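Each chain, letter by letter, is given below.
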Amino acid sequence: MLNHVRRGSGSPLLLVHGLGAGWRSWAPVIDDLAERREVIAVDLPGFGETPALTGEVSIATLTDSVADFIREQGLDGVSTVGQSMGGRMVLELARRGVGGDTVALDPGGFWSDRELAVFGATLRPSIALVRALRGVLPALLGNPVGRTLLLAQLSARPWALSGETVLPDVRGLADSPSTGAALDALTKGPKQEGAPAGTVPGRVTIGWGRRDLVTVPRQAARATELFPDAVLHWFERCGHFPQWDAPREATQLILDSTD
């Protein structure tokens, strides 16, 4: 069973996070979403309060855990929303025919070989750095200069964010037992497969930050080619975390794109 929280009432909406804080990655938008929907936000295995998988950690097995949760909770047809690794996972659920409407924000899995090498070569040292700085992260992220130095790869405007917004995800990168294994799954495992037109169970919306330096914007063309039913939405002046850089826009997109 995945640890999870439920907020609000209405048509259910399942949130799947990426590398980082677990369900708390959605803190900037979860309350606004819960004003209109019943929001179920999960901790993936090895993140937040969910124990790590005992066997192989891969995109497939992590996605299996979410598919199992959907079945166990009686959430057949639930709309799903994911960001980064979670964005890839909700697209994989849609490819499998699991869930309903799908919103994938800056999803992984669509790198070229060169982009994938750059991603691994830049993110791994960043994770090592935040682990080394674990004890002083609140102070560093509590001021604009520290946020800018640490989060330039993740946010288009790190100086404009609050330390409260970013600290859970940065701590999650440092502390989550499955960070390394999940990063290996993203960088060493197979790339995301697509879904032919007419085979997904609901609407598919892919949101992308114009200034994303992790899953760079040109990858959006590959994603929409592999998922031809998808509608592409661009977040202007936004990096890899729309819930950080454009929370109101991300909230509205999710509400407008799911039933």
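Let me begin by describing the structure that accompanies this report. This one's a predicted model, so the numbers in the text were calculated from it and none came from an experiment. (Residues numbered from 1 in each chain as written. Predicted model: local features only at pLDDT ≥ 70, side-chain atom pairs only at ≥ 80, totals over all residues. Heavy atoms only, no water.)

### With respect to the overall build of the protein
And step 1. Looking only at helices and strands, the protein has 11 helices and 7 strands in total.
And step 2. The C-alpha atoms of the protein give 17 Å as radius of gyration, which agrees with the globular expectation for 259 residues (18 Å, within 12%).
And step 3. Considering the protein as a whole, with its 259 residues, one finds that 55% of them fall into the buried category.
And step 4. Of the contacts formed within the protein by residues at least 6 apart in sequence, a portion of 74% connects residues at least 24 apart.
And step 5. Carbon together with sulfur atoms contributes 53% to the accessible area of the protein, which is approximately 10500 Å² in total.
And step 6. The centroid of the 25 positive side-chain charges in the protein is displaced by 6 Å from the centroid of its 29 negative side-chain charges. (Helix = DSSP H or I, 4+ residues; strand = E, 2+ residues; numbered from the N terminus. Rg over C-alpha atoms; globule rule 2.2 N^0.38 Å. Buried < 20%, exposed > 50% of the residue type's maximum accessible area, 1.4 Å probe, protein only. Contact = heavy atoms within 4.5 Å. Areas by Shrake-Rupley, 256 points an atom, 1.4 Å probe, with all protein chains shown as cover. Lys, Arg positive; Asp, Glu negative; His and termini not counted. Charge placed at Lys NZ, Arg CZ, Asp CG, Glu CD.)

### Here we look at the packing of aromatic side chains
And step 1. Inspection of every chain in the model, using the stated rule, returns 3 aromatic pairs.
And step 2. With centroids separated by 6.4 Å and ring planes inclined at 80°, the aromatic side chains of F110 and F227 adopt a geometry described as edge-to-face. Remark: F227 occurs in the loop between α9 (219–226) and β7 (231–235) and F110 occurs in the loop between β5 (102–105) and α4 (113–132); sequence separation between them is 117 residues. Accessibility classification places F110 together with F227 in one group, the buried group.
And step 3. A centroid spacing of 4.5 Å and a plane angle of 25° characterise the contact between W111 and F119, whose relative ring orientation is stacked. One exposure class covers both W111 and F119, and it is buried. (Phe/Tyr/Trp six-rings, centres within 6.5 Å; stacked < 30°, edge-to-face > 60°.)

### Regarding the nonpolar core
Side chains of nonpolar character tend, in soluble globular proteins, to be buried together.
And step 1. Membership of the largest hydrophobic core comes to 57 residues, with the highest contact counts inside it found for L14, L19, V66, M85, M89, F119 and L151.
And step 2. Among residues more than four places away in sequence, those in contact with V66 are L2, L14, V16, L44, M89 and L93.
And step 3. L13, L33, F235 and A246 belong to the second largest nonpolar core, which has 21 residues in total. (Core = buried A, V, L, I, M, F, W, Y, C linked by side-chain atoms within 4.5 Å.)

### A closer look at the sheet that holds strand β1 (residues 4–7)
And step 1. An order of β1-β3-β2-β4-β5-β6-β7 is seen for the 7 strands of this open sheet, with the pairing classed as mixed. Of all the strands in the sheet, just β1 and β7 have a single pairing partner and so form its edges. Along the sheet, successive strands turn relative to each other by an average axial angle of 15°, direction set aside.
And step 2. Direction of pairing for β1 relative to strand β3 (residues 38–42): antiparallel, over a ladder of 4 bridges. (Pairing = 2+ DSSP bridges. Axes fitted to C-alpha atoms, helices over the stretch in contact; angles between N-to-C directions.)

### A closer look at unusual backbone geometry
And step 1. Its identity is not glycine, yet D106 carries a phi of approximately 45°, on the positive side.
And step 2. Here D106 lies in the loop between β5 and α4.
And step 3. For D106, a relative accessible area of 0% corresponds to the buried category.
And step 4. The backbone of R237 sits at a positive phi, close to 50°, despite the residue not being glycine.
And step 5. Within the element layout of this structure, R237 appears in the loop between β7 and α10 (242–245).

### Here's the deal with the packing of helix α2 (residues 59–72) against helix α3 (residues 85–96)
And step 1. The geometry of α2 relative to α3 is characterised by a closest axis approach of 10 Å and an angle of 65° between their N-to-C directions. By the criterion of interaxial angle, the relationship of α2 to α3 is roughly perpendicular. Handedness of the α2/α3 crossing: right-handed. Facing I59, A60, L62, T63, D64, V66, A67 and I70 of α2, the residues of α3 in contact are M85, R88, M89, E92, L93 and R96.
And step 2. For the contact of α2 with α3, a count of residues per class yields 9 nonpolar, 1 polar and 4 charged. (Parallel < 35°, antiparallel > 145°, perpendicular 65-115°, else oblique. Left-handed = near helix turned anticlockwise from the far one by under 90°. Nonpolar A, V, L, I, M, F, W, Y, C, P; charged D, E, K, R; others polar.)

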